[in-house]
Amino acid sequence: MIKVAIAYHSGSGHTARQARAVAAGVDSVPGATADLLEVAAMDDGLWQALAEADAIVFGSPTYMGSQSAAFQAFAEASSKVWAEMGWRDKVGAAFTNSAGVNGDKLHTLTSMALLAAQHGMHWVTLGLPPGWLYSSAGSPEDLNRLGAFIGAMAQSPSDLGPDAAPLESDLRTAEHLGRRVATTALQLAHGRRVQAVA
């Protein structure tokens, strides 16, 4: 059984819904289990769970064109893990949510990809073509409707609560990312076992 930690911060609940969708995707893969971890509580349990995980999926809302202050505090606190290369060769991926359709969410995903790169992790992309406005036949119900590649994006209107946003298509996109991360982590674990026997 491989463990996929979903290390996220959610300010108003929208990103938490996205995190739960990622977890559902992980849990749908036989041999994989998800662990939802809110990074605002940086206690020993959080760091231990991340140390034991085979993969870490980072998640944060995009505020003012960047990750939330709580997620950034977590990223900076991970420097102790970085000093020992504690996350090296783990699988990494990310997701984000903002009120704006663009909202400069790419900057947040890029920051999280760089965090993973500094830790020596293997990055998993979304692996989906763009949906919705990419062609005239697109629909808001398309997977990857916001056209991301480096991670999963979601959009939640500022006047809707987490009971109504993000859209189901964004949540299904996050679920797809969870499945992809779990599958990749299983493939790597299998390869390592084969290599160890050989």
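Summary of the structure given here. (Residues numbered from 1 in each chain as written. Predicted model: local features only at pLDDT ≥ 70, side-chain atom pairs only at ≥ 80, totals over all residues. Heavy atoms only, no water.)

**Observations concerning helix 2 (residues 44–52)**
Among all positions of helix 2, only Leu 46, Ala 49 and Leu 50 are buried. Seen end-on, helix 2 carries its buried residues on one side only, within an arc spanning 100°. Packed against the buried residues of helix 2 are strand 1 (2–8), strand 2 (32–38), strand 3 (55–63) and helix 3 (69–77). (Buried < 20%, exposed > 50% of the residue type's maximum accessible area, 1.4 Å probe, protein only. Helix = DSSP H or I, 4+ residues; strand = E, 2+ residues; numbered from the N terminus. Arc of directions from axis to C-beta. Contact = heavy atoms within 4.5 Å.)

**Observations concerning the nonpolar core**
Grouped together as the largest cluster of nonpolar side chains are 53 residues, with contacts concentrated most on Leu 50, Ile 56, Val 57, Phe 58, Phe 74, Phe 95 and Val 181. At seven residues, the largest contribution of residues to this core is made by helix 6 (residues 168–197). When sequence neighbours within four positions are dropped, the list of residues in contact with Val 181 reads Val 4, Ala 55, Val 57, Val 91, Ala 93 and Val 124. (Core = buried A, V, L, I, M, F, W, Y, C linked by side-chain atoms within 4.5 Å.)

**Comments concerning the environment of Trp 123**
Mapping Trp 123 onto the fold places it in strand 6 (residues 122–123). For Trp 123, a relative accessible area of 25% corresponds to the partly exposed category. In this structure Trp 123 touches Phe 58, Gly 92, Ala 93, Ala 94, Met 112, Ala 113, Ala 116 and Ile 150, once residues within four positions along its chain are discounted. Only 3.0 Å separates the side chain of Trp 123 from the backbone oxygen of Ile 150, close enough to count as a polar contact. (Polar contact = N/O pair within 3.5 Å; in protein donor to acceptor, adjacent residues only side chain to side chain.)

**With respect to the pairing of strand 7 (residues 152–155)**
Residues of strand 7 alternate between two faces, with Ala 152 and Ala 154 on one and Met 153 and Gln 155 on the opposite face, all of them buried. The pairing of strand 5 (residues 91–98) with strand 7 spans four bridges and is parallel. From the neighbouring strand, Thr 96 faces strand 7, where its bridge partner is Met 153. (Pairing = 2+ DSSP bridges.)

**Considerations on the pattern of salt bridges**
For the structure on display, the rule yields four salt bridges. Close ionic contact of Arg 145 with Asp 170 constitutes a salt bridge, the shortest N to O distance being 2.8 Å. In this pair, Arg 145 sits in the loop between strand 6 and strand 7 while Asp 170 sits in helix 6, placing the two residues 25 residues apart along the sequence. The same class applies to Arg 145 as to Asp 170, namely buried. A salt bridge links Arg 179 to Glu 175, with the nearest nitrogen and oxygen atoms 3.3 Å apart. (Salt bridge = Lys/Arg side-chain N within 4 Å of Asp/Glu carboxyl O.)

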